[in-house]
Amino acid sequence: MFQMHRIFCATPWELEAERNRFHDLIGNFNETAAMQRGVLYVPVTLLNIRDKRPVQYAVDENIRDCRHYILALSEDWGPVERNFRNDYHLALQCAADPALPMHSVAVLSKKQLSGVPLAAGLPEPDGIFSTLTEFDDCVNHLLPAWLESIASEPIASTSITPTGAATA
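Read on for a plain summary of the structure. (Residues numbered from 1 in each chain as written. Predicted model: local features only at pLDDT ≥ 70, side-chain atom pairs only at ≥ 80, totals over all residues. Heavy atoms only, no water.)

1. Remarks on the overall build of the protein chain
If you tally the helices and strands in the protein chain, you get 4 helices and 7 strands. The N-to-C order of helical and strand elements in the protein chain reads β-α-β-α-β-α-β-β-α-β-β. The C-alpha radius of gyration of the protein chain comes to 16 Å, within 12% of the 15 Å expected for a compact globule of 168 residues. Seen through its C-alpha atoms, the protein chain measures out along the principal axes to roughly 45 × 35 × 30 Å. Within the span of the protein chain, comprising 168 residues, buried residues form 43% of the whole. Across the protein chain, every contact between residues at least 6 apart in sequence was considered, and the portion connecting residues at least 24 apart equals 72%. Here the protein chain displays about 8,800 Å² of accessible surface, and carbon together with sulfur accounts for 55% of that area. Averaging the coordinates of the 13 positive side-chain charges in the protein chain and doing the same for the 21 negative ones gives two points 3 Å apart. (Helix = DSSP H or I, 4+ residues; strand = E, 2+ residues; numbered from the N terminus. Rg over C-alpha atoms; globule rule 2.2 N^0.38 Å. Buried < 20%, exposed > 50% of the residue type's maximum accessible area, 1.4 Å probe, protein only. Contact = heavy atoms within 4.5 Å. Areas by Shrake-Rupley, 256 points an atom, 1.4 Å probe, with all protein chains shown as cover. Lys, Arg positive; Asp, Glu negative; His and termini not counted. Charge placed at Lys NZ, Arg CZ, Asp CG, Glu CD.)

2. Some remarks on empty space enclosed by the protein
Tallied over the full model, the rule gives 1 cavity of 30 Å³ or more. Its boundaries defined by the atoms lining it, the largest cavity holds a volume of some 40 Å³. P12, E14, L71, A72, L73, S74, E75, D76, W77, G78 and F84 together form the lining of the largest cavity. Taken together, the residues that form the lining of the largest cavity break down as 6 nonpolar, 2 polar and 3 charged. (1 Å grid on protein atoms, 1.4 Å probe; cavity = no way out; pocket = protein on both sides within 12 Å on 5 of 7 lines; lining within 4 Å. Points joined across faces, edges and corners; volume = space filled by probe spheres on them. Nonpolar A, V, L, I, M, F, W, Y, C, P; charged D, E, K, R; others polar.)

3. Regarding the nonpolar core
Ranked by internal contacts, the top residues of the largest apolar core, which has 24 residues, are I7, F22, Y41, I70, L143 and W146. Elements with a contribution of two residues or more to this core: β1 (2–10), α1 (16–34), β2 (39–44), β3 (68–73), β4 (104–110) and α4 (132–151). Of all the elements, α4 adds the most residues to this core, at 8 residues. Aside from chain neighbours lying at most four places away, what touches Y41 is H5, I7, I26, F29, N30, A34, H68, L143, W146, L147 and I150. Grouped together as the second largest cluster of nonpolar side chains are 19 residues, L71, W77, Y88 and C94 included. (Core = buried A, V, L, I, M, F, W, Y, C linked by side-chain atoms within 4.5 Å.)

4. Quick notes on the state of the cysteines
Scanning the entire structure with this criterion turns up 0 disulfides. Take C9: it sits in no disulfide, and the sulfur closest to it among the cysteines is that of C66, at 11 Å. Cysteine C94 remains unbridged, with the sulfur of C66 as its closest cysteine sulfur at 9.1 Å. (Disulfide = S-S within 2.5 Å.)

5. Considering the pairing of β4
Counting buried residues along β4, 5 of its 7 residues qualify, which places the element largely inside the surrounding structure. Examined bridge by bridge, β3 and β4 share 6 bridges and lie parallel to one another. Bridge pairing in β4 links L73 to S109. Regarding topology, helix α3 (residues 85–96) serves as the crossover connection from β3 to the parallel β4, and that connection is right-handed. As judged from the 3 bridges shared by β4 and strand β5 (residues 127–129), these two strands associate in the parallel manner. Following the sheet pairing, L108 is matched in β5 by G127. (Pairing = 2+ DSSP bridges. Right-handed = clockwise from strand over helix to strand, strands pointing away.)

6. What to know about α4
An α-helical turn contains 3.6 residues, so a residue and the one three or four places further along point in the same direction. Relative to the 28 Å expected for 20 residues at 1.5 Å per residue, α4 spans 29 Å between its end C-alpha atoms, a close match to the ideal helical length. Within the sequence span of α4, burial applies to F135, D136, C138, V139, L142, L143, W146, L147 and I150. Down the axis, α4 shows its buried residues gathered within 160° of arc, on one side only. Away from its buried face, by an angle of more than 90 degrees, α4 presents the exposed residues T133 and H141. In this structure, the buried side of α4 is in contact with β1, α1, β2, β3, β4 and β5. (Expected span 1.5 Å × (residues − 1). Arc of directions from axis to C-beta.)

Fair warning: the whole summary comes from geometry, so function is off the table for now.
See the structure below:
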């Protein structure tokens, strides 16, 4: 049986390549490290949603159900249709609530080719990247530490068997 832990990665439209890569990174980490420890990470992202406001309730529920939240920023919080300011603050609230599975919130920032700095008022990034390889490095720096934090905890009440069936 595997412990299943969801990781939400919020990305603006211009970071679609990073969103795709996030799924690949999680799959690779599961194969090379997490599954050997009885853990299965599940990537959660927004796929092909131009305006997330009509589904914000579902986005919020997904954030509440995740163990980790990654916010990848490009320039600012994003346009009104896909703004992540409230999502980020919800993730922080969830991390502060011991009754919820959220344990950590990380911010990754893409360095702009133009040299324009991030907008004022954004959280301090935990990692900065310019290329997909650097994005990989940022995410791959987070995953092992998160896996180690799981090893010291009691096993969750719900797990996933190798066949994918949930058990309680």
